[in-house]
Amino acid sequence: MKRSMTIILIFLLAIGSLTGCGPDQEKIQKGFIAILEKPASEVTIKEATNYLDKYLSKMDKKYASDMVLHLENYILAFNQDGIVYEEWAAQYDKYVAASVKDLYQIKVMEQKTPYAADAVLLINWDELVHRAHDMEIYIQKYKDQKLTNQDATWLYGNYMNALVMGTNSTPIFDYEKNTFSEEAKTAYVSFINKYPDSTTAWALKEYFTYLDSIQYNMDYNNKISSKLFFDTCDWLVSESGKRVFQ
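Conventions adopted
Residues numbered from 1 in each chain as written. Predicted model: local features only at pLDDT ≥ 70, side-chain atom pairs only at ≥ 80, totals over all residues. Heavy atoms only, no water. Salt bridge = Lys/Arg side-chain N within 4 Å of Asp/Glu carboxyl O. Helix = DSSP H or I, 4+ residues; strand = E, 2+ residues; numbered from the N terminus. Buried < 20%, exposed > 50% of the residue type's maximum accessible area, 1.4 Å probe, protein only. Arc of directions from axis to C-beta. Contact = heavy atoms within 4.5 Å. 1 Å grid on protein atoms, 1.4 Å probe; cavity = no way out; pocket = protein on both sides within 12 Å on 5 of 7 lines; lining within 4 Å. Points joined across faces, edges and corners; volume = space filled by probe spheres on them. Nonpolar A, V, L, I, M, F, W, Y, C, P; charged D, E, K, R; others polar. Polar contact = N/O pair within 3.5 Å; in protein donor to acceptor, adjacent residues only side chain to side chain.

Colleague: Honestly, the pattern of salt bridges in this entry has me stumped. Any pointers?
Modeller: When the charged atoms of two side chains with opposite charge come close together, those side chains can pair. One pass over the structure, following the stated rule, counts 10 salt bridges. A salt bridge links Lys107 to Glu72; the nearest nitrogen and oxygen atoms lie 2.6 Å apart. Pair noted here: Lys107 is in helix α6 (residues 98–112) and Glu72 is in helix α4 (residues 61–78), with a separation of 35 residues, a long-range link. Its relative accessible area of 11% is what places Lys107 among the buried residues. With its nearest N and O atoms 3.4 Å apart, the salt bridge here joins Arg243 to Glu239. A residue pair is termed a helical-turn pair when its members lie 3 or 4 positions apart in one helix, as Arg243 and Glu239 do in helix α11 (residues 223–243) at four residues. Looking at Arg243, the relative accessible area reads 31%, which means it is partly exposed. Connected via shared salt-bridge partners are Glu72, Lys107 and Asp151.

What follows is the structure in structure tokens.
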């Protein structure tokens, strides 16, 4: 009889440890957010990082993902170069949700080989359009994951903006000849033929309608034509940003 009661007691304790005796994740999260409400400094960043190191393994992936993303934003607000994403991803990969893991891999790639720096496009137009499409695929896969939607939208918008405008030091229309980049045109036509049903291709088709109407010639110094150009580009970036989530 005593042996039976002992077995039952052990069983009940085991069930309790799985259900009702775990850490209060909401309380732990609130404690973490309280640290992040302090003005950012090297001291508070270290405090927050240590807190995360202490509790992250006790959290489920929803809470863990939220906390890691909050810490990322906190650090970047203090120092835009404060995160090495390859190290960051390796440190937190096993704790966060798949959407966050994949987002960090995109950021690793972008940090190692940025598409642009100091207003200069560092990759060719073909690679740029495929980065935009890869971001589109990511958004389609994780569009219901609110934790990563803001970052994903920002990245896709950056790529789309560069696709239709170029950069200040790598303009898509030649500053002197006023002609559209032949390399960009070739890359975009090839992409549309390969991925005709993508949101990125939709934006480029609309872009070509505009380009046809101006015969691929635009003078940045002409107020009327430049306004039409920038207005068209702004609309394409905004509209593609909406459509990619549909």
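Colleague: Help me understand helix α5 (residues 85–92) in this model?
Modeller: Structurally, the α-helix is built with 3.6 residues per turn, so residues lying three or four positions apart point the same way. Within α5, burial applies to Tyr85, Trp88, Ala89 and Tyr92. Viewed end-on, α5 has its buried residues packed into an arc of 95°, placing them on one side of the element. Residues of α5 that are exposed and point over 90 degrees away from its buried face: Glu87 and Ala90. In this structure, the buried residues of α5 make contact with α3 (42–55), α4 and α6.

Colleague: Looking at this structure, I do not really get the layout of surface pockets. What am I missing?
Modeller: Rolled over the atoms, a probe as big as a water molecule pinpoints where empty space is left. In this model, the largest pocket occupies a volume close to 860 Å³. Lining the largest pocket are 24 residues, with Glu72, Leu76, Tyr85, Lys107 and Trp154 sitting closest to its centre. If you list the elements that add at least two residues to the lining of the largest pocket, you get α4, α6 and α8 (146–165). With seven residues, the single largest contributor to the lining of the largest pocket is α8. Of the residues that constitute the lining of the largest pocket, the class distribution is 11 nonpolar, six polar and seven charged. Roughly 280 Å³ of volume is contained in the second largest pocket.

Colleague: What exactly am I supposed to notice about the side chain of Thr44 here?
Modeller: For Thr44, the location among the structural elements is in helix α3. With a relative accessible area of 8%, Thr44 lands in the buried category. A distance of 3.4 Å separates a polar atom in the side chain of Thr44 from the backbone oxygen of Pro39. Here Thr44 is in contact with Ile35, Lys38, Pro39 and Tyr74, once residues within four sequence places are set aside.

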